[in-house]
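If you want the building blocks of each chain, they are given just below.
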Amino acid sequence: MIIVGIDVASEKHDVCIMNGNAEVFGKIFSIANTKSDYKKLLSKIEDAKKLWNDSKVCIGIESTGVYSEVILQYLSDIEDLEVVYINPILTNMFQHSEVVHYAKTDKIDAKGICMYLLSKSKRLFTYTKPSYHTLEMKSLTRELVSTNKQINQITNRLTGILHVVFPEFFEVFHKIKGKSCLKILQLYPTPDTLFSKRNLNNVFDNFGGGRRKENTDNLIDLAKNSIGSYSKSDGIIISELAKQIEFLNLQKETFINQLVKLANDHCQLLLSIPGIGAIIACSIMGEIGNISNFHGSDSLLAFAGLNPRVYQSGKCELKGLSISKKGSSYLRTSIIQASRHIVKKDPWFESYFNSKMSQGKHYNTSIGHVSKKLTQVIYQILKTGKSFKPKTVTVNN
C-alpha cells in the first residue's frame, strides 16, 4: 500500500508519500490550495504507484476545520483513493510517543501522519463524503448559531445604552424584541423625538404591538418625564443598532425557512424522535455527515464530546469527572437541547431521567446521562434507516 500524509494549512499543504516499508518517495513537498497543484499531487501519487508497482493508495488528512474541507472533498471524489480523516490530537500524541524530543515542522507532521497510518491501518475507517444536502444543513445551522450570537450581543449593547438614554422605555417594552419595538427605536431613538401620537400609532398599526392606544400614550408620557441623559450621537447609535438587529432577524428567518424545508425532505428519521424539531435535526445531521464514518455509537459519542473523562492510576481512580468536550460543540449542544425536550415528551426517557434525579444527581448530570442514551438512539436509527420506536416503560409494583 502507498501511504500519503497531508499536513493541512491555510495557504499550502505539505505532502509525504511512502510505501508500506516506510520508504519515502522523493522529497516531502508542498502544494498550494489550487486545482493545478491538486493535479500535481495526483501525478506524484501515480509516479509512486509505478515505482513500487502498487495500485492501492491511502491518504491521511487531519481534521483542521475549514482549511481541510476543500482538499478532503476533492480527494474523496476520486474513486480509487482511500481517504482517512484523522483527529489531529491522535497524530500529535502518536508522534510524541515515538520520540522523546519531538521537533515540529509541517514536513515532519506530514511524515508523522504517514507513520500513524502505517501503525493504525487496521483500525481506520475510509472517509465517506456526506451528501450535498447534509453539507448545506451544516453550513446553515452554524450560520444560524452565529447570527443568534450577534443578535444577543447587539441587543445587550442596545439595552445598556437605553438604560442611560431612556430607562423608562422598558416599562412599555420589557425586552428589545418585536418589529414595532425595533421600528420605534430606529425612527424615534431618544425621548425628545417621541412627541407624535399619530406617528407612533402608525408604527403599531403597521408592525403590531397589541394595545396600540395605551402603549402610545404611555411612551409619550414617559418620554416627557424621562430622567435619561443623552446626546445626538446616542440617538444615531440606538437607531443603527436597532437596524442591525432587524436585518439579522430577517437573515435568521431566511435560514430557518430553508432549514425547515431541508428537515422535511431529508431528516424524517431524526424528526421521528420526540423533542427533535427541524433546526435540531438539521444541526445533528449536518454535524454527523455520513453515519458510516463512525465505528459505532461510542465513536459518535466521542465526536460529540459527550464521552466521560476517565482518570485511573494505580489505586487512584477519579469518578464524577465531566464530559470530555473534545468533539463538535455544535453537535453536543444540539443533542443536549434535544435531551431536555425528550424527557418531557417520551415516557421511557422521562422515567430514565427521573431515576437519575432520584439518585441525587444534579439536573445537568441527569441530562448528560439522557444525552448518552439519545446519542445511541440517533446512531441506531441513522445506521438502520428505521424510525424511532418508543420503549415500553417498566412499572415496578
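Definitions and cut-offs
Residues numbered from 1 in each chain as written. Predicted model: local features only at pLDDT ≥ 70, side-chain atom pairs only at ≥ 80, totals over all residues. Heavy atoms only, no water. Helix = DSSP H or I, 4+ residues; strand = E, 2+ residues; numbered from the N terminus. Rg over C-alpha atoms; globule rule 2.2 N^0.38 Å. Buried < 20%, exposed > 50% of the residue type's maximum accessible area, 1.4 Å probe, protein only. Contact = heavy atoms within 4.5 Å. Areas by Shrake-Rupley, 256 points an atom, 1.4 Å probe, with all protein chains shown as cover. Lys, Arg positive; Asp, Glu negative; His and termini not counted. Charge placed at Lys NZ, Arg CZ, Asp CG, Glu CD. Expected span 1.5 Å × (residues − 1). Pairing = 2+ DSSP bridges. Right-handed = clockwise from strand over helix to strand, strands pointing away. Salt bridge = Lys/Arg side-chain N within 4 Å of Asp/Glu carboxyl O. Core = buried A, V, L, I, M, F, W, Y, C linked by side-chain atoms within 4.5 Å. pLDDT = per-residue confidence, 0-100. Phe/Tyr/Trp six-rings, centres within 6.5 Å; stacked < 30°, edge-to-face > 60°. Lys NZ or Arg CZ within 6 Å of the ring centre and 35° of its normal.

J.: Help me out: how do you make sense of the overall build of the protein chain in this one?
T.: The secondary structure content of the protein chain amounts to 15 helices and seven strands. For a compact globule of 397 residues, the expected C-alpha radius of gyration is about 21 Å, and the protein chain comes in at 28 Å, more than 25% above that figure. Each principal axis of the C-alpha atoms in the protein chain carries an extent, and together these give about 85 × 65 × 45 Å. Burial statistics for the protein chain: of 397 residues in total, 40% are counted as buried. The long-range fraction of contacts in the protein chain, counting pairs at least 24 apart against all pairs at least 6 apart in sequence, stands at 64%. For the protein chain, the computed accessible surface area is about 21900 Å², with 51% contributed by carbon and sulfur atoms. Once the 51 positive and 36 negative side-chain charges of the protein chain are each reduced to a mean point, those two points are 6 Å apart.

J.: Mind showing me how you'd approach helix α9 (residues 232-266) here?
T.: Residues spaced three or four apart along an α-helix face the same direction, because each turn holds 3.6 residues. Look at α9: 51 Å from first C-alpha to last across 35 residues, which is about the 51 Å you get at 1.5 Å a residue. Among the residues of α9, D234, G235, I238, S239, L241, A242, I245, L248, F255, L259, L262 and A263 are the ones counted as buried. Looking at the buried positions of α9, the neighbouring elements they touch are α5 (132-165), α6 (179-187), α10 (268-271) and α11 (278-288).

J.: Where do I start with the pairing of strand β5 (residues 81-86) in this structure?
T.: Here is the key point about a regular strand: its side chains alternate between the two faces of the sheet. Bridge count between strand β4 (residues 57-62) and β5: six bridges; the pairing is parallel. Paired with G60 across the bridge in β5 is V84. Where the polypeptide runs from β4 across helix α2 (residues 66-76) and back to β5, its parallel neighbour, the crossover connection is right-handed.

J.: Which parts of the structure should I look at to understand the pattern of salt bridges?
T.: Where charged atoms from two side chains of opposite charge come close, those side chains can pair. Under the definition given, this model contains 10 salt bridges. Where K138 meets E69, a salt bridge forms, and the shortest distance between an N and an O atom there is 3.9 Å. Separated by 69 residues along the polypeptide, K138 in helix α5 and E69 in helix α2 bring together distant segments of the chain. Judged by relative accessible area, which is 22%, K138 ranks as partly exposed. On the basis of relative accessibility, which here comes to 24%, the residue E69 falls in the partly exposed class. Where D77 meets K129, a salt bridge forms, and the shortest distance between an N and an O atom there is 3.0 Å. You can see D77 sitting in the loop between α2 and β5 and its partner K129 sitting in the loop between α4 (106-120) and α5, a full 52 residues away along the chain. Under the relative-accessibility criterion, K129 is labelled partly exposed at 31%.

J.: What is the right way to read the nonpolar core from this model?
T.: As a rule of thumb, nonpolar side chains are buried together in soluble globular proteins. By size, the foremost hydrophobic cluster in this structure holds 42 residues, and its most contacted members are L270, I273, I284, I288 and I378. If you tally residues by element for this core, the top one is helix α15 (residues 363-384), at eight residues. For I284, the residues in contact, after removing those within four places along its chain, are L270, I276, L331, S334, I335 and I378.

J.: Please clarify how the confidence of the model for the protein chain should be interpreted in this entry.
T.: Low pLDDT marks regions whose predicted coordinates should not be analysed in detail. Looking at the protein chain as a whole, the pLDDT averages 88, with 91% of positions reaching at least 70. The least confident element of the protein chain is strand β6 (residues 311-313), whose mean pLDDT is 44; the most confident is α9, at 97.

J.: So what exactly am I meant to see when it comes to the packing of aromatic side chains here?
T.: Remark: the centre distance and the inter-plane angle together describe each pair of aromatic rings, the angle taken between the planes. Evaluation of the coordinates by the stated rule reveals 11 aromatic pairs. Each ring, one from F173 and one from F204, has its centre 6.3 Å from the other, and the planes form 15 degrees; the classification is stacked. Within this pair, whereas F173 is found in the loop between α5 and α6, its partner F204 is found in helix α7 (residues 197-207), the two being separated by 31 residues in sequence. Judged by relative accessible area, F173 falls into the buried class, the value being 10%. In this arrangement the basic side chain of K44 is found over the ring face of F29, its NZ or CZ atom lying 5.1 Å from the centre. The aromatic ring of W348 is capped on one face by K391, whose charged end is 4.3 Å from the ring centroid.

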